[in-house]
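So you can see what is in the structure, the chains are spelled out below.
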Amino acid sequence: MFTHARLTVFLLLPWLSAAVTSAPQESQASPPVNGRIHLDVVVTPKSGPPVSGLQQQDFTILDNKAPQPITSFQALGGSQAPIEVILLVDAVNNTFTSIAYERIQINNFLHANGGRLAHPTALAVLTDAGAQMQEGFSSDGNALSASLDQYTVGLRTIRRSAGFYGATERLQLSLQALSELMAREAARPGRKVVLWMSPGWPLLSGPNVQLDSKQQQQIFQNIVSLSNQLRQARITLYSIDPLGAGEPSLRTFYYEQFVKGITKPSQAVPGNLGLQVLAVQSGGLALSSGNDIAALLQQCLTDTNSYYELSFDPPRAEPYEYHHLEVRVAKPGLIARTRQGYYGQP
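In this numbering scheme, every chain counts its residues from 1 along its sequence in written order. This being a predicted model, a pLDDT of at least 70 is required before a residue's local features are given, and a value of 80 or more before pairs of side-chain atoms are given or counted; all residues contribute to the totals for chains, interfaces and linings. Note that water and hydrogens are dropped before the side-chain values are worked out from all heavy atoms of the structure.

Asker: How should the overall build of the protein chain be read in this particular structure?
Answerer: Counting secondary structure elements, the protein chain contains eight helices and 15 strands. When each of the 346 residues of the protein chain is scored for burial, the buried share is 55%. Between two residues, a contact is recorded if the distance between any of their heavy atoms is within 4.5 Å. Counting only contacts in the protein chain whose residues sit at least 6 apart along the sequence, the fraction spanning at least 24 positions is 81%. When the accessible surface of the protein chain is summed, it comes to about 14800 Å², and 54% of that surface belongs to carbon and sulfur atoms. Strands are runs of DSSP state E lasting at least two residues, helices are runs of H or I lasting at least four, and both sets are numbered from the N terminus onward. We call a residue buried when its accessible area falls under 20% of the maximum for its residue type, exposed when it is over 50%, and partly exposed in between, using a 1.4 Å probe and counting protein chains only. Here the open area of atoms and residues is found with the Shrake-Rupley method and a 1.4 Å probe, where only the protein chains shown may cover a residue.

This is the structure in structure tokens:
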């Protein structure tokens, strides 16, 4: 078992490097990685909807625990906010049964409110053949529902029960799809909300997976690249588990072991590249609380009803240097959620 796991991860690493780094670099119109950083911040009480009406003086940005001057501030929200939504159906990591149920729930979501969506939305489907994304964005949920019915997402050859090598293939397809999505959206202005409906791709981490220093260095480089590309494309990622209460609790929350930002290669494992991990680190959510997918999708988009765009000029960062980010709100009982960190330009 030890040799089997080690060999599989070793074979996966070169592909991960190609998949993540093959995405085009940031467009010339965008600021460099170590230049001004823009944060989309959602403020909520411990439970309840986002809070509006806050002012710049209510916020403090901490970079590695050091306060930073806020260079710009804007309160945004509602249908007029500069947001585009991508609704991705993951037919690689889901079961056949859950995909059928998921499509019904997505149609319920798209047809709600007479089919009028709050933000321009596009559909994407991940299958064994790769990611397919609809051309253009639409606020017509009824039209998007009709488009979804045209996708053939029921057939695939890689199953969740296909063992370690099947898990490797699913991870490859998943990261390739994310890489392509980031490359596509990096050139588009404004904030993007990606709703990725999946129980998550394989974490490929545990006591039977052993890595040498070269492999850890490669994974660390992939982590840095993914983190920076998500931030540069201004993508907030949300993971919605369609299996909900049907998933074992241990598997559902295993990703939490990998959420903390990685500061050096010796800490890196494949689990740091997990869907739920990237979602939480981007300022989004990892939801697995129930089987009402339409309600979970709406819960994610509630974050767009009221949010704040802050920017700051970060201190100089060395290549691959990790900086932890925190935004505090000077109001009792309120919590700010945003991107958790960034890395210096390699």
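Asker: Got a minute to help me understand the pattern of salt bridges in this structure?
Answerer: A side-chain nitrogen of Lys or Arg and a carboxyl oxygen of Asp or Glu constitute a salt bridge if their distance falls within 4 Å. One pass over the structure, following the stated rule, counts 11 salt bridges. Salt-bridge contacts for Arg36 lead to Asp313; the nearest nitrogen and oxygen are separated by 2.9 Å. Here Arg36, found in the loop between α1 (2-21) and β1 (37-44), pairs with Asp313, found in the loop between β12 (307-312) and β13 (322-329); they are 277 residues apart in sequence, far enough to count as distant. The exposure class assigned to Asp313 is partly exposed, which follows from its relative accessible area of 38%.

Asker: Looking at this model, I keep getting lost on the environment of Ala112. Mind explaining?
Answerer: Note that Ala112 resides in the loop between α2 (96-111) and β6 (116-127). Residue Ala112 is classed as partly exposed on the basis of its relative accessible area, which comes to 40%. When the C-alpha atoms of Ala112 and Gln298 are compared, they prove to be 10.0 Å apart, with 186 residues separating the residues in sequence.

Asker: Explanation requested: the sheet that holds strand β4 (residues 72-76) in the structure shown.
Answerer: In a beta sheet, neighbouring strands are held together by backbone hydrogen bonds and run either parallel or antiparallel to one another. Here, any two strands with at least 2 DSSP bridges between them count as paired. Taken together, the four strands give an open sheet; going across it, the order is β4-β12-β1-β14, and neighbouring strands pair in antiparallel fashion. Two strands in the sheet have a free side with no partner beyond their single neighbour: β4 and β14 (335-337). Taking the axes of each pair of neighbouring strands and ignoring which way they run, one obtains an average angle of 30° across the sheet. Where β1 and β14 come together, three bridges link them in antiparallel fashion. In the strand pairing of β14, Val43 is matched with Ala336. Where helices are involved, their axes are fitted lines through C-alpha atoms of the stretch in contact, as for all axes, and angles between N-to-C directions lie from 0 to 180°.

Asker: What should I look at first to understand the nonpolar core in this one?
Answerer: Soluble, globular proteins show a tendency: their nonpolar side chains are buried together. Residues Leu178, Trp196 and Trp201 are the most contacted members of the largest nonpolar core, which totals 38 residues. Looking at this core, the elements that each hand over two or more residues are β5 (83-90), β6, α4 (163-186), β9 (191-197), α5 (213-232), β10 (235-240) and α7 (275-281). The greatest single-element share of this core, amounting to eight residues, is contributed by α4. Listed in part, the 30 residues of the second largest apolar core include Leu87, Val89, Tyr151 and Leu297. The definition of a nonpolar core used throughout is a set of buried Ala, Val, Leu, Ile, Met, Phe, Trp, Tyr and Cys residues joined through side-chain atoms within 4.5 Å.

Asker: Sorry if this is basic, but what is going on with the environment of Thr304 here?
Answerer: Its place among the elements puts Thr304 in the loop between α8 (293-302) and β12. For the pair Thr304 and Pro82, spaced 222 residues apart in sequence, the C-alpha to C-alpha distance is 9.8 Å. Look past the residues within four positions of Thr304 in its chain and what remains in contact with it is Gly77, Gly78, Ile83, His119 and Val193. Throughout this description, a polar contact denotes any pair of N or O atoms lying within 3.5 Å of each other; where both atoms belong to protein, one of them has to be capable of donating a hydrogen while the other can accept it, and for residues adjacent in sequence the pair is counted only when both atoms sit in side chains. In this structure the side chain of Thr304 is engaged in a polar contact, spanning 2.9 Å, whose partner is the side chain of His119. From its side chain, Thr304 meets the backbone oxygen of Leu301 in a polar contact 2.6 Å long.

Asker: Where do I start with α8 in this structure?
Answerer: Within an α-helix, residues lying three or four positions from one another point in the same direction, as the helix has 3.6 residues per turn. The buried fraction of α8 is high, at seven of 10 residues. Here α8 has its buried residues at Ile293, Ala294, Leu296, Leu297, Cys300, Leu301 and Thr302. Contacts made by the buried residues of α8 are with β5, α2, β9, β10 and β11 (286-287).

Asker: Help me understand the packing of α2 against helix α3 (residues 141-148) in this model?
Answerer: For the pair α2 and α3, interaxial distance at closest approach is 8 Å and the crossing angle is 160°. Relative to α3, α2 is oriented roughly antiparallel. The chirality of how α2 crosses α3 is left-handed. Touching Arg103, Ile106, Asn107, Leu110 and His111 of α2 are Gly141, Asn142, Leu144, Ser145 and Leu148, all from α3. Each residue belonging to the contact of α2 with α3 can be placed in one class, and the counts come to four nonpolar, five polar and one charged. For classification, angles of less than 35 degrees are called roughly parallel, those exceeding 145 degrees roughly antiparallel, those between 65 and 115 degrees roughly perpendicular, and all remaining angles oblique. With the far helix as reference, a near helix turned anticlockwise by less than a right angle produces a left-handed crossing, and one turned clockwise produces a right-handed crossing. For this scheme, ten residues count as nonpolar: Ala, Val, Leu, Ile, Met, Phe, Trp, Tyr, Cys and Pro. Four count as charged, namely Asp, Glu, Lys and Arg, and the remainder, Gly too, count as polar.

Asker: Explain empty space enclosed by the protein to me, please; I cannot follow it from the model alone.
Answerer: The gaps left among the atoms become clear once a water-sized probe is rolled over them. Lining residues are those with an atom within 4 Å of a point, where the points come from a 1 Å grid over the protein atoms alone and group into cavities, where a 1.4 Å probe fits but cannot get out, or pockets, open sets with protein on both sides within 12 Å along at least five of seven lines. Grid points are joined across faces, edges and corners, and a volume is the space filled by probe spheres set on the points. All chains considered together, the criterion is met by two cavities of 30 Å³ or more. Reported here for the largest cavity is a volume of approximately 140 Å³. Around the largest cavity sit 14 residues that line it, and Ser227, Gln281, Ser282, Arg339 and Gly341 are the ones nearest its centre. Counting residues per element, the ones that place at least two in the lining of the largest cavity are α5, α7 and β15 (341-343). Take the lining of the largest cavity: its biggest share by element is three residues, from α5. When grouped by side-chain class, the residues that make up the lining of the largest cavity number six nonpolar, six polar and two charged. In terms of lining residues, the second largest cavity is bounded by His38, Leu39, Asp40, Arg231, Arg234, Ser282, Thr338 and Arg339. Looking at the lining of the second largest cavity element by element, the count peaks at three residues for β1.

Asker: Would you mind going over the sheet that holds strand β3 (residues 66-68) with me for this structure?
Answerer: Within the open sheet, the four strands sit side by side as β3-β2-β13-β15. Their pairing is antiparallel. With one partner strand each, in any of the chains shown, β3 and β15 form the two edges of the open sheet. Adjacent strand axes in the sheet meet at a mean angle of 30°, parallel and antiparallel pairs treated alike. As judged from the five bridges shared by strand β2 (residues 59-63) and β13, these two strands associate in the antiparallel manner. Within β13, the residue paired with Asp63 across the bridge is Leu325.

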